Amino acid sequence: MARILRTRTIAFCAVLIVLLYHFLPSENAPSLLPQADTVSRAGTQILAQYMNNANAIPHIVATKSSFLWNTVKFTYPPELTPKLPPPVSNRPRIQHDFGRESYSVTAVQERRREEVKRVFEKSWASYKKHAWMKDALKPLSGQYVDQFSGWAATLVDSLDTLWMMGMRRDFYEAVAAVATIDFGKSTSGSVNMFETCIRYLGGLIAAYDLSGHEALKAKAVEVGDLLYAGFNTENRMPVDFIAFEDAKAGGGLYVEDTVVSASPGTITLEFSRLSQITGDSKYYAAVSHVMDTFSENQNKTKLPGMWPMHVSMRRKDVVSGYQFTIGGNADSMYEYLPKAHALLGSASPSSAKYAIMSRTFMDTSMNNLFFRPMVPGNEDILISGNCDVIDYEGTPTPRLDPESEHLSCFIGGLFALGGRLFENEAYLQTGAKLARGCIYAYKSFPTGIMPERYNMMLCPDIKNCKWDEEQWVSERAKRKEWVEHLPKGFTTAKDPRYILRPEAIESVFVLWRITGRDEFREAAWDMFQAVANATDTPFANAAVSDVTVVGSQQQDYMESFWMAETLKYFYLVFADPELISLDEFVLNTEAHPFRLPKA
Ligand code: DMJ
């Protein structure tokens, strides 16, 4: 007995010494969620307790920026109502019921998860070595570039991925660096509202939501107040670019005449969550008025239910344009409607609009934008196209253009999420077909990756579609220069690049979590191998010039979304499905998870 006790005491002390010596758990320490690792069971428990102990969180205090954005004297102060709605009391279940018994992290999935982590670690190590505190690493030259105001975009964008992958030492090292960022200075005179919101504010909020570290909250509030200064305009609509020094002076900013709809439409989640974590409704109120403008006009546009790609916040005109897409320029405006409903619920009048807006745009896009492509195997898949509404003898006539792009691939996941949120099977099935459309596009090209922008042949009848060789031959003849080397069914690859984008794996991830169908996890692995193979460089991963041919050149370009989104989604597909459960988090458009508050 005494021997057993002595052995246990020695083992316990050994673990404690290791912990104290390292101050922080090693990179191989498990996340708080069960993950296979090299640590013994007893060690895991102690480490988990250690990580749960507030004293173990390193004492990092945020340095105040050289300008305090909460001191701006607004010429046009935004309204402070409506107030933030109370937390949602009951939400429908989103994730498939994996069940602790039926789901097992098999050795195969574990190897895949580790392989994704290995690729991430390589990119992260190069960023640390060659581009630390810069916005992005250049993956061929090992140089760096500042394109998002010079506040270390990749560092902030990667925080939550570090956390999820259990890289706690790197995470806290990054937090210590983030705590010193000076949001009072910018490398550019005008600050991009959209990018700053989704990458910096989104990244900081998510890292705070996961770790609870106060330094992250302090920095999130600084960026939030910077962006809030973008609402200091005559009509209280946000600017697209914040004139940095003018914004500090508070005299009022000029709202641009025409902007892409994604810009004013992609603030709701970040501002609402910031209000939730600070208890200050001002952010929620400001953005709620912007979305009122969209809501009040949703059925007055040329394609009722959707908004044109270009809008004027200066004139509060969100109806006049004639081009409609859920792809680039508009994408995340639509993405944020079901997600705002998930975060805020419908109990209060100011948040009830999000469910209505969601269902309305989903019905309109199903009827006007999604098409079944004609493909040799007659697969029942959907692709999201574009729609122009042209006046034809006085009647506005929608015309579907079967052109799509990588950016549109997020829509499958969003429809699946909408299917669960609104308990609508048709949305879910449509989401699955859209996700399969993107998987199909990846599989079709010799590199295993789909191009940035392409066209496909349209099925004349969505229900009954058969491959027509004659039609293909005549299409091919019309567009000889595009089609010659393309897979059957693809009539252009207008932009043949792959720039490390996440949208296809994003939808595959969501479909896996919602349906539990193995086809999605298998597709994810094929996609990962193709992407890792084509983009690998001595430093990290780079954009590819042409995915329609094997061995194409790479470009010296790796945006922060590679580590923030693409690798995170790949990792989460192979991880325990409770890690960032969709019943606990809603992800912003940069894949940053925001905690869903519970009543
Ligand atoms: C990301 O910054 C975001 O996902 C955004 O919504 C769209 N573009 C990139 C990724 O492709």
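The residue numbers shown here count from 1 along each chain, following its written sequence. Whole-chain, interface and lining totals are the exception, using all residues; otherwise, since this is a predicted model, local features are given only for residues with pLDDT of at least 70 and side-chain atom pairs are given and counted only at 80 or more. Excluded from the side-chain calculations are hydrogens and water; all other atoms, namely the structure's heavy atoms, are used.

Peer 1: What am I meant to see in the overall build of the chain here?
Peer 2: Each helix is a run of DSSP H or I of at least 4 residues and each strand a run of E of at least 2, with the numbering of both proceeding from the N terminus. A tally of helices and strands in the chain yields 20 helices and 18 strands. Taking all 599 residues of the chain together, the buried fraction comes to 59%. Note on contacts: a residue pair qualifies if any of its non-hydrogen atoms lie within 4.5 Å across the two residues. Pairs at least 24 apart in sequence give 73% of the contacts found in the chain among residues at least 6 apart. Values of accessible area rely on a 1.4 Å probe in the Shrake-Rupley scheme; residue burial ignores everything except the protein chains shown. Counting every atom, the chain has about 23600 Å² of accessible surface; 53% of that belongs to carbon and sulfur. The buried label goes to any residue with under 20% of its type's maximum accessible area, the exposed label to any with over 50%, and the partly exposed label to all in between, with areas taken from a 1.4 Å probe on protein chains only.

Peer 1: It is not clear to me how the sheet that holds strand β11 (residues 395–401) should be interpreted in this structure. Could you clarify?
Peer 2: Where strands meet in a sheet, backbone hydrogen bonds hold them as pairs that are either parallel or antiparallel. A pair of strands is labelled paired if DSSP reports no fewer than 2 bridges between them. Across the sheet, which stays open at both edges, the 3 strands sit in the order β7-β10-β11 with antiparallel pairing between neighbours. In the strand order of this sheet, the two ends are held by β7 (323–324) and β11, each with one partner. Both strand β10 (residues 386–392) and β11 contribute to a ladder of 7 bridges, which runs antiparallel. Note on β11: the bridge partner recorded for isoleucine 390 is threonine 397.

Peer 1: Any chance you could explain the site of the ligand here in plain terms?
Peer 2: Consider each residue's heavy atoms; a residue with any of them within 4 Å of a molecule or strand counts as near. Taken together, Ile198, Arg199, Leu407, Arg501, Pro502, Glu503, Phe561, Glu565, Thr589 and Glu590 form the complete shell of residues around the ligand. By the criterion applied in these results, polar contacts are pairs of N or O atoms within 3.5 Å in which, for protein atoms, one can donate a hydrogen and the other can accept it, and in which residues neighboring in sequence qualify only through two side-chain atoms. At 2.6 Å from an oxygen atom of the ligand is found a side-chain nitrogen or oxygen belonging to arginine 501. Between the ligand and the protein, one listed contact pairs an oxygen atom with a side-chain N or O atom of glutamate 565 at 2.9 Å. Coverage of the ligand by the protein chains reaches 92% of its 290 Å² of free accessible surface. A majority-of-atoms criterion places the ligand in the largest pocket. Residues are grouped as follows: Ala, Val, Leu, Ile, Met, Phe, Trp, Tyr, Cys and Pro are nonpolar; Asp, Glu, Lys and Arg are charged; every other residue, Gly included, is polar. A breakdown of the residues in the shell around the ligand according to their chemical character gives 4 nonpolar, 1 polar and 5 charged. Every definition here rests on a 1 Å grid over the protein atoms only: cavities are sets of points where a 1.4 Å probe fits but cannot get out, pockets are open sets enclosed by protein on both sides within 12 Å along at least five of seven lines, and lining residues have some atom within 4 Å of a point. Each molecule is checked against the cavity or pocket grid, and it sits inside if more than half of its atoms lie within 2 Å of the grid points.

Peer 1: Even after reading the chapter, I still don't get the state of the cysteines, so can you show me in this structure?
Peer 2: Linking two cysteines covalently via their sulfur atoms produces the bond known as a disulfide. By convention in this document, the label disulfide applies to cysteine sulfur atom pairs within 2.5 Å. Considering all chains together, one arrives at 2 disulfides under this definition. Cysteine 409 shares a disulfide with cysteine 438; S-S distance 2.1 Å. Across the S-S bond of cysteine 409 and cysteine 438 the torsion is about -100°, and the bridge reads as left-handed. Here cysteine 438 lies in helix α15 (residues 425–444) and cysteine 409 lies in the loop between β12 (403–405) and α14 (410–421), a separation of 29 residues in the sequence.

Peer 1: For this particular structure, what's the right way to read the nonpolar core?
Peer 2: What tends to happen in soluble globular proteins is that the nonpolar side chains get buried as a cluster. Note on terminology: a nonpolar core comprises buried Ala, Val, Leu, Ile, Met, Phe, Trp, Tyr and Cys residues joined through side-chain atoms within 4.5 Å. Within the largest apolar cluster, 176 residues are counted, with the highest numbers of intra-cluster contacts made by Leu159 and Phe294. With sequence-adjacent residues up to four places away left out, leucine 159 is seen in contact with Phe171, Ala174, Val175, Val178, Gly203, Leu204, Ala207 and Leu216. If you look at the next biggest cluster of nonpolar residues, it comprises 7 residues, including Met374, Met457, Cys465 and Trp472.

Peer 1: I'm lost on the layout of surface pockets in this one. Help?
Peer 2: Empty space among the atoms can be located by rolling a probe the size of a water molecule over them. Here the largest pocket defines a volume of roughly 520 Å³. Lining the largest pocket are 28 residues; nearest its centre among them are Phe194, Glu195, Asp331, Leu407 and Arg501. With 4 residues, the single largest contributor to the lining of the largest pocket is helix α6 (residues 193–211). Grid points are joined across faces, edges and corners, and a volume is the space filled by probe spheres set on the points. What the second largest pocket holds in volume is close to 320 Å³. Lining the second largest pocket are 27 residues; nearest its centre among them are Ile94, Leu417, Leu582, Phe585 and Leu596.

Peer 1: Quick question: what am I supposed to make of the sheet that holds β12 here?
Peer 2: The strand order across the open sheet built from 3 strands is β12-β13-β14, with neighbouring strands paired in antiparallel fashion. What marks the edges here is a single partner per strand, and that holds for β12 and β14 (490–495). For this sheet the average axis-to-axis angle between neighbouring strands, irrespective of direction, equals 25°. Relative to β14, strand β13 (residues 453–456) is paired through 3 bridges, and the arrangement is antiparallel. Residue pairing in the sheet places arginine 453 in a bridge with aspartate 495 of β14. Only the stretch in contact is used when fitting a helix axis, every axis being a line fitted to C-alpha atoms; angles between N-to-C directions are given from 0 to 180 degrees.

Peer 1: How do you make sense of the packing of aromatic side chains when you look at a structure like this?
Peer 2: Remark: the centre distance and the inter-plane angle together describe each pair of aromatic rings, the angle taken between the planes. Only centres within 6.5 Å qualify two rings of Phe, Tyr or Trp (six-membered ring in Trp) as a pair; their planes then separate them into stacked at under 30 degrees, edge-to-face at over 60, and tilted for everything else. A complete count under the given rule lists 31 aromatic pairs for this structure. Centre to centre, the rings of tryptophan 163 and tyrosine 172 are 6.5 Å apart; their planes meet at 85°, and the pair counts as edge-to-face. Accessibility expressed as a relative area gives 10% for tryptophan 163, which makes it buried. The ring of tryptophan 163 carries the charged tip of arginine 168 above its face, separated from the ring centre by 3.7 Å. The cationic tip of lysine 282 hangs over the ring face of tyrosine 228; the distance from NZ or CZ to the ring centre is 4.6 Å. To sit over a ring, a charge needs its Lys NZ or Arg CZ within 6 Å of the ring centre and within 35 degrees of the ring normal.

Peer 1: Can you help me understand helix α18 (residues 503–515) in this one?
Peer 2: Its 13 residues give α18 an end-to-end C-alpha distance of 18 Å, which sits within 8% of 18 Å, the value for a rise of 1.5 Å per residue. Counting buried positions along α18 gives 13 out of 13 residues, so the element sits mostly inside the fold. Under the convention used throughout, the expected extent of a helix is 1.5 Å for every residue step, that is, one less than its residue count.

Peer 1: How do you make sense of empty space enclosed by the protein when you look at a structure like this?
Peer 2: All told, the structure shown has 1 cavity of 30 Å³ or more when counted by the stated rule. Around the largest cavity, the lining is made up of 13 residues, and of these Ser384, Ser408, Cys409, Leu434 and Cys438 lie nearest the centre. The dominant element in the lining of the largest cavity, judged by the number of residues it contributes, is α15, at 3 residues.

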